[in-house]
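These are the residues of each chain, in order.
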Amino acid sequence: MTTTTTTLTAGDTLPAWELPITPTLVVSTAISTRDFQDVHHDRDIAQAAGSKDIFVNILTSTALVERYVTDWAHALTGGWDAEVRGIAIRLGAPAYPYDTLTFSGTVESVEDGVATLRVTGSVPLGDHVTGTVKVAL
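The model shown is predicted, which means the values in this text are computed figures rather than measured ones.

Draft legend 1. The arrangement of the overall build of the protein in detail. Counting secondary structure elements, the protein contains 3 helices and 5 strands. Along the chain direction, N to C, the helices and strands of the protein fall in the order β-α-α-α-β-β-β-β. Split into buried and exposed, the 137 residues of the protein put 39% on the buried side. Put simply, 66% of the contacts in the protein that link residues at least 6 apart link residues at least 24 apart. A total accessible area of about 7300 Å² is found for the protein, and carbon and sulfur atoms account for 52% of it. Placing the 8 positive and 16 negative side-chain charges of the protein at their respective mean positions leaves the two points 3 Å apart.

Draft legend 2. Representation of the nonpolar core. Trp-72, Phe-103, Leu-117, Val-119 and Val-135 are the most contacted members of the largest nonpolar core, which has 31 residues in total. Of all the secondary structure elements, the ones that give two or more residues to this core are strand 1 (13-20), helix 1 (23-32), helix 3 (58-77), strand 3 (100-111), strand 4 (114-123) and strand 5 (126-136). Dropping the residues within four chain positions of it, Trp-72 is found in contact with Leu-8, Leu-14, Pro-15, Leu-117, Val-135 and Leu-137.

Draft legend 3. Highlighting the pattern of salt bridges. Enumeration over the complete set of coordinates arrives at 4 salt bridges. As a salt-bridge pair, Arg-43 and Asp-53 come within 2.8 Å of each other at their nearest N and O atoms. With Arg-43 in helix 2 (residues 43-48) and Asp-53 in the loop between helix 2 and helix 3, this residue pair connects regions lying 10 residues apart in the sequence. Among the residues examined, Asp-53 registers a relative accessible area of 7% and is labelled buried.

Draft legend 4. Expanded view of the pairing of strand 5. For strand 2 (residues 83-91) and strand 5, the ladder comprises 8 bridges, and the chain directions are antiparallel. Across the sheet, Ala-88 pairs through a bridge with Thr-132, a residue of strand 5. When strand 4 meets strand 5, the two strands line up antiparallel, connected through 10 bridges. Paired with Ser-122 across the bridge in strand 5 is Asp-127. Taking the residues that link successive antiparallel strands as the turn, the strand 4-strand 5 hairpin has 2 residues.

Draft legend 5. Highlighting unusual backbone geometry. Here Tyr-98, not a glycine, exhibits a phi torsion of approximately 80 degrees, which is positive. Note on placement: Tyr-98 falls in the loop between strand 2 and strand 3. Of note, the phi angle at Asp-112 is positive, near 50 degrees, even though the residue is not glycine. Looking at the element boundaries, Asp-112 is found in the loop between strand 3 and strand 4. For Asp-112, a relative accessible area of 81% corresponds to the exposed category.

Draft legend 6. View of the sheet that holds strand 5. Pairing is antiparallel across the open sheet formed by 5 strands, whose spatial order is 1-3-4-5-2. In this open sheet, the two edge strands, each paired with only one partner strand, are strand 1 and strand 2. Taken pair by pair, the neighbouring strands of this sheet meet at an average axis angle of 20 degrees, ignoring direction. The strands touched by helix 3 within the sheet are strand 1, strand 2, strand 3, strand 4 and strand 5, with strand 2 carrying the most contacts at an inclination of about 135 degrees.

Cut-off values and rules
Just so you know, the residues in each chain are numbered from 1, in the order the chain's sequence is written. Reporting in this predicted model follows two pLDDT cut-offs: at least 70 for local features of residues, and 80 or more for side-chain atom pairs to be given and counted; totals over whole chains, interfaces and linings ignore these cut-offs and use all residues. As a rule here, side-chain values cover all heavy atoms of the structure and leave hydrogens and water aside. Helix numbering and strand numbering both begin at the N terminus, where a helix is a DSSP run of H or I of at least 4 residues and a strand a DSSP run of E of at least 2. In this scheme, a residue with accessible area under 20% of its type's maximum is buried, one over 50% is exposed, and one in between is partly exposed, where area comes from a 1.4 Å probe on protein chains only. The contact criterion used is simple: two residues touch if any of their non-hydrogen atoms lie within 4.5 Å. Note on areas: these come from Shrake-Rupley sampling with a 1.4 Å probe, and a residue is covered only by the protein chains present in the view. By the counting scheme adopted, Arg and Lys are positive, Glu and Asp are negative, and His together with the chain ends is not counted. By convention, the point assigned to a charge is CZ for Arg, NZ for Lys, CD for Glu and CG for Asp. To define a nonpolar core, start from buried Ala, Val, Leu, Ile, Met, Phe, Trp, Tyr and Cys residues and group those joined through side-chain atoms within 4.5 Å. Counted as salt bridges are all cases of a side-chain nitrogen of Lys or Arg within 4 Å of a carboxyl oxygen of Asp or Glu. By the convention used here, strands pair only if DSSP detects at least 2 bridges between them. For helices, the fitted axis covers only the stretch in contact; all axes are lines through C-alpha atoms, and the angles between them, taken along N-to-C directions, range from 0 to 180 degrees.

Listed below in structure tokens is the structure:
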């Protein structure tokens, strides 16, 4: 891995990323992560369980957080010189089809070339996913 000349400091912000959630995204990502829970692909069963609709699963939420950070890091370094060192997230409001999932992030700290980022993914009901990501640049 090469060293970047980009200087990051605590408080720097990442650009927002908006992702429209479609039924296809919810179903296909649940199935691709081998999550066959019916609440992720069957609206009737999800509603019978008390949900408004099918909803994004945690593995997809984690992958979207990682994509948000790595896309930012790759743009920042001008290439693919970024390595995720850890992700710690919590889920909140469900992400339903036809919602827009909007990601934002802030640099919390940088030590020895590893940035700790605070990331939030929000939907109309509130924060869908919050957490930190450590990424070496």
